[in-house]
Each structure stands twice: as C-alpha cells, then as structure tokens.
Amino acid sequence: MLTMFCSKSAKNNDELISQLKERREIKSDKIEKVMRLVDRGDFAKDDLYEDCPQYIGYGATISAPNIHAFAIEHLEDVLKEGNKVLDVGSGSGYLSTCFAYLVGKSGQVIGIDHIKELVDWSYSNVSKNHSALLKSKRIQFIISDGREGYAENGPYQAIHVGAAAKKTPQKLLDQLAPGGKLLIPVYSLSNPGTQTLEQIEKSEDGQIFRTKLTGVRFVPLTEKEVQWNDD
C-alpha cells in the first residue's frame, strides 16, 4: 500500500532511501541503487527529502518518493538495457533520470512536458550531477502535449504518465511496444473525484490488459492553458 501521509523529513537522500527500504516501499536492490544515485534534492524546491509530493510551479508537482519507487518497481521488468521509455509530464526530470540509468547506455528516455519552463528546469536539474545522460542523448526532453506521445521515437517498452487522465490517450496505447507496460493514473467513472493508478500491458499480438494497482492523487492530464496560464 502506498504511503498516504507525509513521513518525517529525512536529512539527506541516503536517509530517505533507507526509510523507503525499511518500509518495504523499495524492494529491489537495483532500484535502491538507482534511487540513491539520483538525489531528490536536485529535483525538488522545498522540503527536499520529505516523503510528500511537492509543488514545483506551473501547476505541476513532483510526486512523493514512495510513489516514484512504486512506479519504478512496477516498470522494472521492462526497464532493460537498450529499451525506450516515454515519461509523460516529466516535470522535474527526476523519474526520467532514474529510467535512463535502468535502461543503460544503449537505452533512451524521452521526457515530454508542455510547459517550456519545466523542460528548461529539467535540463538544469539533470545537469547538476548527470550531465552525461544529456550529452549522450540517453535523456531527451521535448516540449509538447504528452497526450500525443512522441511517435517519431517509438515504440516504447515503458510509458509512464505523471498526471491523471479521464481515459488513456489512444496515441499512447498505439506507441506502446508489444510486450510493453504503461502506467497511468485514471479518474474513476463511477466516482469522478477518485483516481486509480492503472498498469496497462500490451501482449506480443497487440492485446491490451489492464490492472488497477492502487488509489492515487495526481494533478490532471490536461491542456497547457488549463494547467497554467501565464497571462
């Protein structure tokens, strides 16, 4: 079960990851190693090591660390060397960076966001301690509507969506590779105020299988003008 409250702030990233490990919110040694390598303090603005979502401006948030761990754990089997990842609503760039290390030197991550200021900030965040990922183009950040995906670089073995949709965009399903996984928060049809994180798998013959994982609360996946109006 995901943490539904804010835990006591850790002093640093290692302490934060140790707390997540102790609570079994990180189970994989490989993911623990990556989350220790990618310091959350490089990607958040306030309360850097608190296990809570944080506002990062422009109508966007960086998810709580336990949510990040949960997402990576559920995608781990498709985050293999050489695979491609699409990170929709890449925000701070944190998850894109974790994904890049997991898919290795021959893999690639496309982070996509429709707010230019967030994309610029992502570059700045990653450049602090992981600039080689940008120079090698293991990570590329794109300014665009994430609901459209980024077909020219697909298909993707893993797609992560960091905002809640009324329904899964068809273009993302189309860009999911056979054998791939997509994680997306989706609003409930019966109770519109609630959201569920869904795992969508595409079989080798193109069939779609959906699994409801857990209740979550994300910002909406919507138009740039609705998310943030800079007038």
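Quick caveat, the model's predicted, so the values are computed rather than measured.

1. Things to note about the overall build of the protein chain
Then, number 1: Counting its secondary structure elements, the protein chain contains eight helices and nine strands.
Then, number 2: Relative to its length of 231 residues, the protein chain is compact, with a C-alpha radius of gyration of 16 Å against a globular reference of 17 Å.
Then, number 3: Each principal axis of the C-alpha atoms in the protein chain carries an extent, and together these give about 45 × 40 × 40 Å.
Then, number 4: Residues classed as buried in the protein chain amount to 55% of the 231 residues present.
Then, number 5: A sequence separation of at least 24 residues applies to 58% of the contacts in the protein chain between residues at least 6 apart.
Then, number 6: Charge-centre separation for the protein chain: the mean point of 29 positive side chains lies 3 Å from the mean point of 32 negative side chains.

2. Quick look at the sheet that holds strand β4 (residues 108-113)
Then, number 1: Overall, mixed pairing links the seven strands, which are arranged β5-β4-β3-β6-β7-β8-β9 in an open sheet. This sheet does not close on itself; its edge strands, each paired only once, are β5 (139-143) and β9 (208-216). In this sheet, neighbouring strand axes are inclined to one another by 15° on average, regardless of whether the strands run parallel or antiparallel.
Then, number 2: Bridge count for strand β7 (residues 176-187) against strand β8 (residues 195-202) is seven bridges, and the pairing is antiparallel. Looking at the pairing, K181 lines up with E201 of β8.
Then, number 3: Helix α5 (residues 116-129) contacts β4 and β5 of the sheet and is inclined by roughly 165° relative to β5.

3. What to know about the packing of helix α2 (residues 29-37) against helix α4 (residues 94-103)
Then, number 1: Here α2 crosses α4 at 130°, and the two axes come no closer than 10 Å. Taken together, the axis directions place α2 and α4 in an arrangement best described as oblique. As for how α2 packs across α4, the hand of that crossing is right-handed. Residues K30, V34, M35 and L37 of α2 pack against Y94, C98, Y101 and L102 of α4.
Then, number 2: Considered class by class, the residues forming the contact of α2 with α4 number seven nonpolar, no polar and one charged.

4. A closer look at the packing of helix α3 (residues 65-75) against α4
Then, number 1: With their axes 11 Å apart at the nearest point, α3 and α4 run at an angle of 30° to one another. In terms of axis orientation, α3 runs roughly parallel to α4. Viewed along their axes, α3 and α4 form a crossing whose handedness is right-handed. Together, H68, I72 and L75 of α3 and Y94, L95, C98, F99 and L102 of α4 make up the contact between the two elements.

5. Thoughts on α3
Then, number 1: With 10 of 11 residues buried, α3 is to be regarded as a mostly interior element.
Then, number 2: Buried within α3 we find P65, N66, I67, H68, A69, F70, A71, I72, E73 and L75.

6. Section: the nonpolar core
Side chains that are nonpolar tend, in soluble globular proteins, to be buried together.
Then, number 1: Ranked by size, the top nonpolar core spans 40 residues in total, and within it M35, I72, L79, Y94, F99 and I139 carry the most contacts.
Then, number 2: Where this core is concerned, the elements lending two or more residues are α1 (13-22), α2, β2 (60-62), α3, α4, α5, α6 (131-135) and β5.
Then, number 3: If you tally residues by element for this core, the top one is α4, at seven residues.
Then, number 4: In this structure Y94 touches M35, V38, R40, F43, I62 and H68, once residues within four positions along its chain are discounted.
Then, number 5: Counting residues in hydrophobic clusters, the runner-up holds 19 residues, among them L86, I110, A165 and L182.

7. Here's the deal with the confidence of the model for the protein chain
Then, number 1: Here the protein chain averages 92 in pLDDT, while 93% of its residues score no lower than 70.
Then, number 2: Segment residues 1-5: pLDDT under 50, and 13 contacts once partners within four positions in sequence are set aside and those in other chains are kept.

8. Quick word on the pattern of salt bridges
Then, number 1: The full count for this structure, using the stated rule, is 11 salt bridges.
Then, number 2: One salt bridge connects D29 with K21, and the closest N-O pair in it is separated by 3.0 Å.
Then, number 3: What makes D29 exposed here is its relative accessible area of 58%.
Then, number 4: Among the residues examined, K21 registers a relative accessible area of 22% and is labelled partly exposed.
Then, number 5: For E198, the salt bridge goes to R210, with nearest N and O atoms at 3.4 Å. Residue E198 is found in strand β8, and its partner R210 is found in strand β9; the two are separated by 12 residues along the sequence.
Then, number 6: Three or more residues are tied together by salt bridges with common partners; here these are D14, K21, D29, E32 and R36.

Conventions used here
Residues numbered from 1 in each chain as written. Predicted model: local features only at pLDDT ≥ 70, side-chain atom pairs only at ≥ 80, totals over all residues. Heavy atoms only, no water. Helix = DSSP H or I, 4+ residues; strand = E, 2+ residues; numbered from the N terminus. Rg over C-alpha atoms; globule rule 2.2 N^0.38 Å. Buried < 20%, exposed > 50% of the residue type's maximum accessible area, 1.4 Å probe, protein only. Contact = heavy atoms within 4.5 Å. Lys, Arg positive; Asp, Glu negative; His and termini not counted. Charge placed at Lys NZ, Arg CZ, Asp CG, Glu CD. Pairing = 2+ DSSP bridges. Axes fitted to C-alpha atoms, helices over the stretch in contact; angles between N-to-C directions. Parallel < 35°, antiparallel > 145°, perpendicular 65-115°, else oblique. Left-handed = near helix turned anticlockwise from the far one by under 90°. Nonpolar A, V, L, I, M, F, W, Y, C, P; charged D, E, K, R; others polar. Core = buried A, V, L, I, M, F, W, Y, C linked by side-chain atoms within 4.5 Å. pLDDT = per-residue confidence, 0-100. Salt bridge = Lys/Arg side-chain N within 4 Å of Asp/Glu carboxyl O.

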